[in-house]
Amino acid sequence: MTGAPAVPEGRIVLVRHGKTEWSESGQHTGTTDLPLTEQGEADAATLGERLTGFDFGLVLSSPMQRARRTAEIAGFGSRAEVDDNLVEWDYGAYEGRTTKEIRAELGYDWAVFEHGVVPGTTPGETVEEVAARTSRVLLRAAPVLASRDVLLFGHGHALRILATVFLREQPRGAAKLLLDAGSVSVLEYEREQPAIKLWNSLG
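Residues numbered from 1 in each chain as written. Predicted model: local features only at pLDDT ≥ 70, side-chain atom pairs only at ≥ 80, totals over all residues. Heavy atoms only, no water.

Caption draft 1: Summary view of the overall build of the protein. Along the protein, the regular secondary structure elements total eight helices and six strands. When its helices and strands are written in sequence order, the protein yields β-α-α-α-β-α-β-α-α-α-β-α-β-β. Over its C-alpha trace the protein gives a radius of gyration of 17 Å, about what one expects of a compact globule, namely 17 Å for 203 residues. Dimensions of the protein, computed from C-alpha atoms along their principal axes, come out at roughly 60 × 40 × 25 Å. Relative to its full complement of 203 residues, the protein shows a buried share of 48%. Restricting to contacts in the protein with at least 6 residues of sequence separation, those with at least 24 account for 70%. In the protein, 21 side chains carry a positive charge and 29 a negative one; their mean positions are 3 Å apart. (Helix = DSSP H or I, 4+ residues; strand = E, 2+ residues; numbered from the N terminus. Rg over C-alpha atoms; globule rule 2.2 N^0.38 Å. Buried < 20%, exposed > 50% of the residue type's maximum accessible area, 1.4 Å probe, protein only. Contact = heavy atoms within 4.5 Å. Lys, Arg positive; Asp, Glu negative; His and termini not counted. Charge placed at Lys NZ, Arg CZ, Asp CG, Glu CD.)

Caption draft 2: The side chain of Asp90, seen in detail. Along the chain, Asp90 falls in the loop between strand 3 (81-82) and helix 5 (99-106). One buried charged residue, Asp90, forms no salt bridge at all, with the nearest opposite charge on Arg133 at 7.9 Å. Of note is the side chain of Asp90, whose polar atom sits 2.6 Å from the side chain of Thr122. Discounting chain neighbours no more than four positions away, the residues touching Asp90 are Thr31, Val117, Thr122, Pro123, Gly124 and Glu125. (Salt bridge = Lys/Arg side-chain N within 4 Å of Asp/Glu carboxyl O. Polar contact = N/O pair within 3.5 Å; in protein donor to acceptor, adjacent residues only side chain to side chain.)

Caption draft 3: Structural view of helix 8 (residues 156-166). Along helix 8, 10 of the 11 residues are buried, which leaves the element largely enclosed by surrounding structure. Among the residues of helix 8, Gly156, His157, Ala158, Leu159, Arg160, Ile161, Leu162, Ala163, Thr164 and Phe166 are the ones counted as buried. Looking at the buried residues of helix 8, the elements they touch are strand 1 (12-16), helix 6 (112-115), helix 7 (127-145), strand 4 (149-154), strand 5 (184-190) and strand 6 (193-201). Immediately downstream of helix 8, the backbone of Arg168 shows phi near 65 degrees, a positive value.

Caption draft 4: Focus on the nonpolar core. Of all hydrophobic cores here, the largest spans 20 residues; its most connected members are Ile12, Leu14, Leu86, Val150, Leu152, Leu162 and Leu187. Those elements that place two or more of their residues in this core are strand 1, strand 2 (56-61), helix 7, strand 4 and helix 8. Ranked by the residues each element gives to this core, the list is headed by helix 7, at five residues. Once residues lying within four places of it in the same chain are set aside, the contact partners of Leu14 are Leu152, Leu159, Leu162, Ala163, Ser183, Val184, Ser185, Leu187 and Trp199. (Core = buried A, V, L, I, M, F, W, Y, C linked by side-chain atoms within 4.5 Å.)

Caption draft 5: How the structure looks around the environment of Gly173. With respect to the helices, strands and loops of the structure, Gly173 is situated in the loop between helix 8 and strand 5. The exposure class assigned to Gly173 is partly exposed, which follows from its relative accessible area of 31%. Sequence separation between Gly173 and Ile161 is 12 residues; the distance between their C-alpha atoms is 7.9 Å.

The structure is reproduced here in structure tokens:
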């Protein structure tokens, strides 16, 4: 008989990209490929020091320039592999719009995690579809996590959903996990249980 599978020793480090014009204004930013603001680049420059002490065996980034540029400034540009599954939620017709604007149009207290999106110039995604994408990221990370850490550069909503998938919770529960631009979060295993070690750290 074989023993129980070993508990992964590695940690998953989540980095939300630095500030953009739309992250500051509260506009939903999915497929729009915005650059970092000057403040976003300055915040990203602090990440190198904040990410010391980890042993990264895999570094992945969303293909969007705001995530790739954050990885580059943080000192991981040459190591970061683009993974399309880390891209932000496709907001469909709500791309570029604020929650306040959407609520005014719909006439009720719309929330993306509860009510979802509708098709626009892009088809949009359900929260479950985003969860399925992020689960593929976790599957890719799993072999590395046996003994080393994994670093992910991505986006606010998609990383929040990824965290719920890791925690084996419902993806809509990501509504309760706030994630600021430029933040660092750490997921790990406490014995056999997936857990949050650090969340939304800005310094």
